[in-house]
Amino acid sequence: MTLLFAVPILLALVTSAEGQAQPPSPPAPQRQIAPPPGFLPPPLSPTGVVLESRRLAEGVYALLSNTPFADNAGFVVGADAVLVVDSHFNGEMGRQIIAAVRTVTDKPIRYLVNTNAFGDHIFGNYVFPKDTRIVATRRIVEALRGLTAQEVGRRMAATVGNDLTVFDGVELRLADETFEDEWSIDLGGRVVHVRYFGAGMSANDTVVYVPDARVAWTANLVFGAGTIPWAQVGGVAAYRATLARLAATWPIETIVPGHGIDGR
Ligand SMILES: [Zn+2]
């Protein structure tokens, strides 16, 4: 199996973390930590991004960006339906994900999981079929409620070189189905678990796991090689405790990080 990210690194990060036996569903983070002066956000522009489809197991595919920090995504195929992990940064990228699914199956994309409330993970939602159920922890929906795509996009302007035209046409489509900490689905002989483990990079980082393939999409909670973790919410201690809960919960063998794998 292709090891996209060395799990021992994750384990090393958390072996000394406190509170490994803490239950899930910790209190919501109280503060957001502003980046220091001079901070340069990661370059996330979707312009020119091509997602490479990499088969990790039967019916389990990573979609890896061909630029160093633009978002990765993925999809899982069961006997009855397909589940997509994240919709990327705009309609064009969302359509690229749908096209990648269609190269391997014509089964319906019945579920689309959003892993956080940032535009680069959710702005492609609106191009998915009307009968695709978008699933997210209620924390994500609450973070976005009342906002427009343009407002969310403006907050992310620095990540796209202030080229707001990349958001042209984007409509903010929120989840149809929300959960508190855990959600699971059987796609037909293929179970997928989705779970919130606590404060990490953001206040709503969500991990998607396929137990029979031991593959996890960690989104912004665990980045890939060459990137720097960013504890935007809750502090480093909370972040490490969250990683400890993740490591103690699932025997992950392969991580598809939300950013930081060069798919070329
Ligand atoms: Zn991200």
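Residues numbered from 1 in each chain as written. Predicted model: local features only at pLDDT ≥ 70, side-chain atom pairs only at ≥ 80, totals over all residues.

Focus on the overall build of the chain
Going by this rule: Each helix is a run of H or I in the DSSP string that is no shorter than four residues. Each strand is a run of E no shorter than two, and both are numbered from the N terminus. Two residues qualify as a contact pair if the distance between their C-beta atoms, derived from the backbone, is within 7 Å.
Along its length, the chain carries six helices and 12 strands. Within the chain, contacts between residues separated by at least 24 positions form 72% of all contacts whose residues are at least 6 apart in sequence.

Describing the environment of Ala73
Basically, it comes down to this: Counting other C-beta atoms within 10 Å of its own, a residue is labelled buried from 20 upward, exposed at 12 or fewer, and partly exposed in the gap between, with every C-beta atom placed from the backbone.
Its place among the elements puts Ala73 in strand β3 (residues 73-77). With 29 C-beta atoms counted inside 10 Å, the residue Ala73 sits in the buried group. Considering only alpha carbons, one finds Ala73 and Ser53, 20 residues apart in sequence, at a separation of 9.3 Å.

Considering the pairing of strand β11 (residues 215-219)
What counts is decided by this rule: At least two DSSP bridges between two strands are needed for those strands to be called paired.
The element β11 is largely enclosed, with a buried count of five among its five residues. Of the two faces of β11, the one lined by Val215, Trp217 and Ala219 and the one lined by Ala216 and Thr218 are each fully buried. Two strands pair when backbone bridges link them, and strand β10 (residues 206-210) and β11 are joined in this way by three bridges, in the antiparallel orientation. What sits directly across from Val208, in β11, is Trp217. Here β10 folds back onto β11, and the loop between the two strands holds four residues, one of which, Arg214, carries a positive phi near 55°. Pairing between β11 and strand β12 (residues 254-257): four bridges, direction parallel.

Some words on the sheet that holds strand β8 (residues 182-186)
The condition that has to hold: Each axis is a line fitted through C-alpha atoms, and for a helix only the stretch in contact is used; angles between axes span 0 to 180 degrees, taken between their N-to-C directions.
In spatial order, the strands read β8-β9-β10-β11-β12; together these five strands make up an open sheet with mixed pairing. Unpaired on one side and paired on the other, β8 and β12 mark the two borders of the sheet. Ignoring which end each strand starts from, the neighbouring axes of this sheet average 20° apart.

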